[in-house]
Amino acid sequence: MTQYLIRRLLIAIPSLLGISVVLFTVLALAPGDPFEELATNPAIPPEVRANLRASLGLDDPIWQRYFNWLFAMLRGEWGYSFVSRIDVDQLILQRLPVTLVVIGASQIVALAIALPVGVYAATRPYSIFDQIANTLAFIGFSLPTFFTGLLFILFFSVYLEWLPFVYRTDLSETGWRWWWEQLRQSIMPVMVLGLFQGAAWTRFVRSAVLDVIRLDHVTTARAKGLPESRITLRHVVRNALIPVVTLVALQMPIVFGGAIVTEQIFRVPGIGSLLISAILSNDTPVIMAVTFVFACLVIFFNLLADILYGWLDPRISYR
Amino acid sequence: MTEDDLRQMIGRVKRGHLSRRGFVRRLAAFGFTAPMATQLLAIAGAAPAAAQGTSSYRPTRRGGGGQLKILYWQAATLLNPQFAVGTTNQDASRTFYEPLAGWAADGTLHPILAAEIPSVENGSLAEDGRSVTWKLKRGVKWHDGQDFSADDVVFTWEYNRNPAVAAVSSGSYRDINVVKVDDHTVRVEFEKPTPFWADAFVASRGTIIPRHLFRDYAGANSRDAPTNLRPVGTGPYRFVSFAPGDLLRGELNPNYHMDNRPYFDSFEIKGGGDAVSAARAVLQTGDFDYAWNLQVEDEILKRLEAANRGRVNIVEGGNIEFIQLNVTNPHEEVDGERSSIKTTHPAFSDPAVRQAMALLVDKNSIQQFIYGRGGPATANFLNNPPRFRSPNMRSEFSIQKANELLDGAGWMRGRDGIRAKNNVRLRFVFQTSVNAPRQRTQAIIKQAAQRAGIDLELKSVTSSVFFSSDVANPDTYTKFYADMQMYTTTMTQADPQLFMNQYVSWEVANRQNSWQGRNIVRWRNDEYDAAYREAEAELDPVKRAALFIRMNDLICGSNHVIPLISRPLVSASLNNLRPVLSAWDNTTWLLGDWFRET
């Protein structure tokens, strides 16, 4: 097991390096630089722009910039944002709590919908409940989040005027009022993301459970006279969870990465909106940091999923 | 109407022989608009020069207005006005920092940290145009309690002109000399006579920064100053907190130097999202007081306004959406560059073709069906302030006239219906940036052109590429590797000098200057150059205005530039909010004068 872990971690190093090289090159080759707006402003002499570019090392060859970045990263220096001159780690930390709360909550909502609904629908395939769940799931994941987001805003904010649609990080209320306001402003983004994710997962859980429920060991368990709930939980769900775990684990880095579209619609200051604004202003250090952390998390959660397999199914061994 | 006539009439008004109203009426007969006429009087000294009635501030005590909530669909990322790239950052830093004077909506100066606006009459503006003396307001304090003085103003100049600092406003400070006369007086000295003296220390590029906090960061380490993110200014509101890219908060400054101001106890500027939902948050749900820069289809704004909670503010400025007809040949490469001034355009070198193109642009439909209130059609390149607006230009849409013109010039229709002459076919590449209204405009023009035997190939380039200064990319607007192109050029000051250098021959964009030159259409005209040189040194405001009008007429008359619509600033505010806006300055230029009607 330890050997397996070490081997996996060693394999991760070249893949991370590869990812960083690709990211960096793509960003360097993309048109534009962070001082685009200066170029179109007649009042700013071109020398100022040249000075700024030089001070940020933008005129060095790509490979040199890459190695500068890499060595700084290895020393734990993430660099600073070209645009705001704040350290990138600080920028990310500023955005992290909101992202974790909103996106994390939406993933929990998604799981809370997908697991019970998917399992229940699979234990009674083609029943009325299954049909309705299926239909809703189809609708859920065929509607893109930007559409449901706007729909929610139009209905709950504009028509009913119940919920605010601009997410604020500086709620002035205190005590339970604060919690109430927080709930009111979070509920729409969380639901939009949660329902979308939940719908997709429901379909997945259902089919995974259906696959298992027909197997011999389940029939045996039934023949033994075990109660249905125990069969479902211990013999069916546990086995069906293996593919589900893979899917959920691969989705987990999103909790960090944020949801670009939904964050933009509801003005949630999460990491997704940080990333998109950094991309729009060609703020390379921020883009690199966010995408790189994201890549690390993807690799980490992949590993975690592999380890979870072993716990769920002892037949899987690590060599 | 000549300059002499004008001057005589102004003289009669001054002597009291002609009423000001009579003057305005007489000028109107010559096609001058009323605001233009009054402004002519103002600049000629026959009326008070400083802005009148920029603000009708009514609250009688400081504070008590609750919170002011402003929504920007772009978010501020830093708070040092000298590094503020883009309006969002400028506006955000402007809430704390102030210049000596700002530009009011009518293009006149409004004193802020200055005790008065310099003028020849009060002796602070040198007759020879070589210096201007600013008297500073007394008793102004920085937010940290230190006194504001002439030292801060001199320091701001030193800070900006230092190339190591790389301040974005450095262009306004490089060629001037600033002298401290006493603690509350500074003199700005120019190398040569400078009619436009209100550049340094004025408006968005003129905000004064505190010497005691930036002194140690006035070099290559300028970007590490802690004050860059925790501003200490003289403005009506003090800094509370800032999350880059998200939220800026400020609170009332109890020691503000203007009486009874500000009205609000605190403000917040929330950033992010998109323009349509920002309009919605003000006009439809009323969650916010003010939404900035709503480049949204007018139809949508009208629908949102129907909720009757807020209204749309339209402030006229100098920004203009226009078409350029390339002077050079974009299809021929000379010395490694296309559109080189060594070439001439095969078709657009014929004035008849250019005139026909201008006749084929249906500006009224473009205004009516695409831009609405956000884009009134115009025949001039230089539209505002009104004193610089030419009364001589007319635009017309007539496919028939275009056809006659082309027939007359010998451009005959070929078998495919496209006109040609001497193997030159009227087939043009028309490029612009990707933006729905622009693509619709392109389509309108293409349709009309088709009926006159001109084939337009429409090309749209992503904004980030089109407006980039990437030397390696062939699709940027400054390279202009197309026959025609369309975009908006911005006028950031109430003075047209900088704006009109877009057509002087020494500004031609080419390989040598990495396409940084401002003359993108590559038009060269000796008369224009001479007029521009003259305007640079002309101290008589009336003569100078006449020169700029002449320049406008020359470039528009050449038809190498076809003005389409002017782009006023569009914003939304709640019905009871009284914002003070100006297209010549930042949105927040007079935030201290904003109040809520009760």
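Conventions we followed
Residues numbered from 1 in each chain as written. Chains lettered and ligands numbered in written order. Predicted model: local features only at pLDDT ≥ 70, side-chain atom pairs only at ≥ 80, totals over all residues. Domains from an automatic or database assignment. Nonpolar A, V, L, I, M, F, W, Y, C, P; charged D, E, K, R; others polar. Pairing = 2+ DSSP bridges. Helix = DSSP H or I, 4+ residues; strand = E, 2+ residues; numbered from the N terminus. Contact = placed C-beta atoms within 7 Å. Buried ≥ 20, exposed ≤ 12 C-beta atoms within 10 Å, placed from the backbone. Right-handed = clockwise from strand over helix to strand, strands pointing away. Axes fitted to C-alpha atoms, helices over the stretch in contact; angles between N-to-C directions. Left-handed = near helix turned anticlockwise from the far one by under 90°.

Novice: Would you explain the domain arrangement of chain A in this entry?
Specialist: It is common to give the size of an interface as the accessible area lost on bringing the parts into contact. Residue and element names in this part refer to chain A. Domains assigned within chain A are domain 1 (2–74) and domain 2 (88–312). Relative placement of domain 1 and domain 2: their C-alpha centres are 32 Å apart. Split into classes, the residues belonging to the side of domain 1 that touches domain 2 amount to eight nonpolar, three polar and three charged.

Novice: Any chance you could explain the sheet that holds strand 20 (residues 569–574) of chain B here in plain terms?
Specialist: Residue and element names in this part refer to chain B. Here seven strands make up an open sheet; going across it, the order is 7-8-9-1-10-20-11 and the pairing mixed. On the outer flanks of this sheet lie strand 7 (237–243) and strand 11 (310–315), each paired with one strand and no other. Direction of pairing for strand 8 (residues 247–252) relative to strand 9 (residues 266–270): antiparallel, over a ladder of five bridges. In the sheet register, Leu248 faces strand 9, and the bridge partner there is Ile269.

Novice: In this structure, what is going on with the interface of chain A and chain B? I would like to understand it.
Specialist: If you look at the interface, chain A gives 38 residues, while chain B gives 42 residues. Among the secondary structure elements, those contributing two or more residues to the side of chain A that touches chain B are helix 2 (36–40), helix 3 (46–55), helix 5 (88–123), helix 7 (145–159) and helix 13 (271–280) of chain A. Element by element, the count of residues in the side of chain A that touches chain B is highest for helix 3 of chain A, at six residues. Class assignment of the residues belonging to the side of chain A that touches chain B gives a composition of 19 nonpolar, eleven polar and eight charged.

Novice: How do you make sense of the pairing of strand 16 (residues 427–433) of chain B when you look at a structure like this?
Specialist: Regular strands have side chains that alternate between both faces of the sheet. All names here are of chain B. Of all seven residues in strand 16, five are buried, a share of seventy percent or more. Bridging between strand 16 and strand 17 (residues 455–461) involves seven bridges; their strand directions are parallel. Along strand 17, the bridge assignment pairs Phe430 with Leu458. Handedness of the crossover joining strand 16 and strand 17 through helix 12 (residues 436–451): right-handed. Direction of pairing for strand 16 relative to strand 18 (residues 484–489): parallel, over a ladder of three bridges. Looking across to strand 18, one finds that Gln431 is bridged to Gln485.

Novice: Could you clarify how one ought to interpret the packing of helix 5 of chain A against helix 8 (residues 175–213) of chain A in this entry?
Specialist: Two quantities define a packed helix pair, namely the angle between the helix axes and the distance between the axes. All names here are of chain A. Contact pair helix 5 / helix 8: the axes reach a minimum separation of 6 Å and the direction vectors enclose 35 degrees. Helix-helix and strand crossings are classified by hand; for helix 5 and helix 8 the assignment is right-handed. Considering only residue class, the contact of helix 5 with helix 8 consists of 21 nonpolar, nine polar and one charged.

Novice: Got a minute to help me understand the pairing of strand 18 of chain B in this structure?
Specialist: All names here are of chain B. Within strand 18, five of the six residues are buried, leaving the element largely enclosed by the surrounding structure. Summarising the sheet, strand 12 (residues 320–325) and strand 18 pair through six bridges and their orientation is antiparallel. Bridging across to strand 18, Phe322 finds its partner in Tyr487.

Novice: In this structure, what is going on with the sheet that holds strand 17 of chain B? I would like to understand it.
Specialist: Backbone hydrogen bonds hold the strands of a sheet together, and the pairing may be parallel or antiparallel. Residue and element names in this part refer to chain B. Across the sheet, five strands lie side by side as 17-16-18-12-19; this open sheet has mixed pairing. Taken across any chain shown, the strands that pair with only one partner, and hence form the sheet edges, are strand 17 and strand 19 (561–566). Going from strand to strand, the sheet's axes swing by 25 degrees on average, the running direction of each strand aside. Taken strand by strand, helix 12 contacts strand 16, strand 17 and strand 18, and its axis lies near 170 degrees from that of strand 17.

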